Amino acid sequence: MKNNNISWSGFSKKTPAERTAHLQKHELLSKASQQSLNTQEMLSLDRADQITENVFSRLALPFSLAPDFLINGQTYQVPFVTEEPSVVAAASFAAQIIKRSGGFTVQVHNRQMISQLVLYDVPDKEKAKKAILAEKSRLLSLANQAYPSIVKRGGGACDLSAEIKDDFLILYLIADTKEAMGANIMNTMTEALAAPIEDLAGGQTLMAVLSNYATQALVTAECEVKLHFLSRNKEQAQVFARKIALASQLAQIDVYRASTHNKGIFNGIDAVVLAAGNDWRAIEAGGHTYACKDGQYRGLSTWTYDAGNNSLKGSLTLPMPTATKGGSIGLNPSVRLAHDLLGKPSAQELAGIITAVGLAQNFAALKALTSTGIQAGHMKLQAKSLALSAGASEDETAPVVSQLLKARHMNLETAESILRMLRKQQGQDSSLE
Ligand code: HMG
């Protein structure tokens with residue numbers, strides 16, 4: 001499944017059918033995934049109706065692949081679900097450069113979930129806090145009794161702490177939810193603690209729910225980019241490396257830039273989280289909260305240029321509580337295909353892959369922004385989609401794209417007129433369908 005020596009050269013130029021054949025040839029898809037690809041029925045209406053409410057149809061999105069991410073010495077072919085042009089191209093581009101520079105190093109710091117039980121109208125909050133903490137082990141076993149299956153799997157509640165904030169006494173339950181994201185597990189356990197904790201504290205429960213600020217599920221991805229990949233010219237490469245580091249510095253101090261910087265990171269993260277059937281709202285919420293951890297919203301990644309060692313180093317840390325079980329993961333065949341492509345990773349492995357993708361995406365965006373400008377790459381892809389929309393065949397696409405890129409106005413009308421001219425020159429019927 002995880003073959004490090006597959007050639008991906010020219011993958012972007014293949015047709016969708018040729019790409020599927022490439023995946024099949026290299027045994028990157030299970031039999032079940034191949035079957036669902038063949039039947040073109042990735043998510044049936046009945047299945048969709050089981051996943052959520054009031055369903056009457058389904059929305060399809062492009063399902064792409066960004067090949068060759070080298071992470072902790074292992075190569076991954078990463079599924080992306082996104083509608084935004086140039087995201088997959090940028091990630092593939094970055095993955096290629098970073099692989100040749102030695103790859104990503106990923107560290108999963110911990111993988112536990114946090115939920116909150118919030119009490120109000122507690123007569124003596126300090127006394128209540130002490131009483132609750134004195135009963136910690138009994139309360140943890142009550143939490144575990146409320147969800148015995150996670151204990152059987154080797155996880156379960158492992159800590160309880162308390163904090164007084166204004167009118168509230170807040171309890172934080174920490175649990176290991178193993179391969180599940182854990183929202184149901186945490187909510188069930190925490191709700192089960194409400195009555196015994198009210199008895200000890202003498203107040204009322206306001207709410208009992210998981211926190212998406214998953215600071216006990218932090219992941220760091222790092223990489224070092226060899227400067228000659230920034231430019232063949234040594235001096236220019238150094239200028240680009242410095243500019244990428246300056247862009248990173250800017251995202252630390254300017255909130256307008258930080259927002260866009262992080263949006264670029266989530267271009268990649270969301271696409272993989274969505275493909276893997278995970279809760280992208282939860283990952284976004286946790287990531288953006290982490291970007292504010294010291295009171296100011298900042299860029300989540302940093303890039304440093306070490307002129308002495310001629311190196312550009314990138315680092316990205318954020319909460320990444322991903323799952324491989326639960327939710328719609330087992331129900332949606334496209335999601336199964338995504339997990340297949342990744343070689344059926346564990347939740348922690350998946351978290352590492354997604355964090356590396358975020359860093360790669362950020363690198364590609366910063367490289368483009370500080371060198372050619374973002375529009376150049378974007379326009380190249382836009383020109384291709386205009387050529388195809390105008391009706392260009394496979395052979396006609398390249399000449400139409402090349403003329404469109406030189407045109408004053410890049411739009412459908414121009415693409416159609418270029419195509420008409422091209423067909424006239426070739427003595428073909430110049431009418432467009
Ligand atoms: P390029 O140098 O013109 O690429 O860059 P190339 O044609 O030389 O190809 C190099 C490799 O890139 C290819 O290798 C592919 O891996 C990949 P090959 O397969 O040929 O051996 N690649 C593609 N993969 C799939 N389909 C394609 C394709 N083209 C290249 N059509 C590129 C072109 C788009 C990669 C570059 O300009 C780039 O990375 N741009 C950044 C694009 C980006 O970040 N887009 C996100 C949307 S903008 C945004 O929302 C975020 C932002 O605001 C965030 C921020 O501000 O920080 C920017």
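Naming follows an unreviewed UniProt entry, where the protein chain appears as 3-hydroxy-3-methylglutaryl coenzyme A reductase of Streptococcus chenjunshii. As recorded by UniProt, the Sequence similarities (unreviewed entry) comment attached to the protein chain reads in full: "Belongs to the HMG-CoA reductase family." Taken verbatim from the UniProt record of the protein chain, the Catalytic activity (unreviewed entry) comment is "(R)-mevalonate + 2 NAD(+) + CoA = (3S)-3-hydroxy-3-methylglutaryl-CoA + 2 NADH + 2 H(+)".

**Examining the site of the ligand**
Residues in close proximity to the ligand total 25 residues, the closest being S86, R257, K263, K380 and L381. Taking E84, its side chain carries an N or O atom lying 3.2 Å from an oxygen atom of the ligand. The contact in question runs from an oxygen atom of the ligand to an N or O atom on the side chain of N267, over 3.1 Å. Notes on the ligand: free accessible area 1100 Å², of which the protein chains cover 75%. Class assignment for the residues of the shell around the ligand results in ten nonpolar, ten polar and five charged. Domain assignment of the residues forming the shell around the ligand places at least three in each of domain 1 (11-109 + 217-369) and domain 3 (375-425).

**Considerations on the packing of aromatic side chains**
Applying the stated criterion across every chain yields a total of three aromatic pairs. Residues W303 and F363 carry aromatic rings whose centres are separated by 5.5 Å and whose planes lie at 40° to one another, so their mutual orientation is tilted. One end of the pair, W303, is in strand 9 (residues 301-306); the other, F363, is in helix 13 (residues 347-370), and 60 residues separate them in sequence. The pair formed by W303 and F363 is uniform in burial state, with each residue classed as buried. Its guanidinium or amino end placed over the ring of F11, R19 lies 5.8 Å from that ring's centre, counting from NZ or CZ. Positioned above the aromatic ring of Y290, the side-chain terminus of K293 is 4.6 Å from the ring centre.

Scoring rules and cut-offs
Residues numbered from 1 in each chain as written. Predicted model: local features only at pLDDT ≥ 70, side-chain atom pairs only at ≥ 80, totals over all residues. Heavy atoms only, no water. UniProt positions renumbered as here; feature names shortened; annotations may be inferred. Near = heavy atom within 4 Å. Polar contact = N/O pair within 3.5 Å; in protein donor to acceptor, adjacent residues only side chain to side chain. Areas by Shrake-Rupley, 256 points an atom, 1.4 Å probe, with all protein chains shown as cover. Nonpolar A, V, L, I, M, F, W, Y, C, P; charged D, E, K, R; others polar. Domains from an automatic or database assignment. Phe/Tyr/Trp six-rings, centres within 6.5 Å; stacked < 30°, edge-to-face > 60°. Helix = DSSP H or I, 4+ residues; strand = E, 2+ residues; numbered from the N terminus. Buried < 20%, exposed > 50% of the residue type's maximum accessible area, 1.4 Å probe, protein only. Lys NZ or Arg CZ within 6 Å of the ring centre and 35° of its normal.

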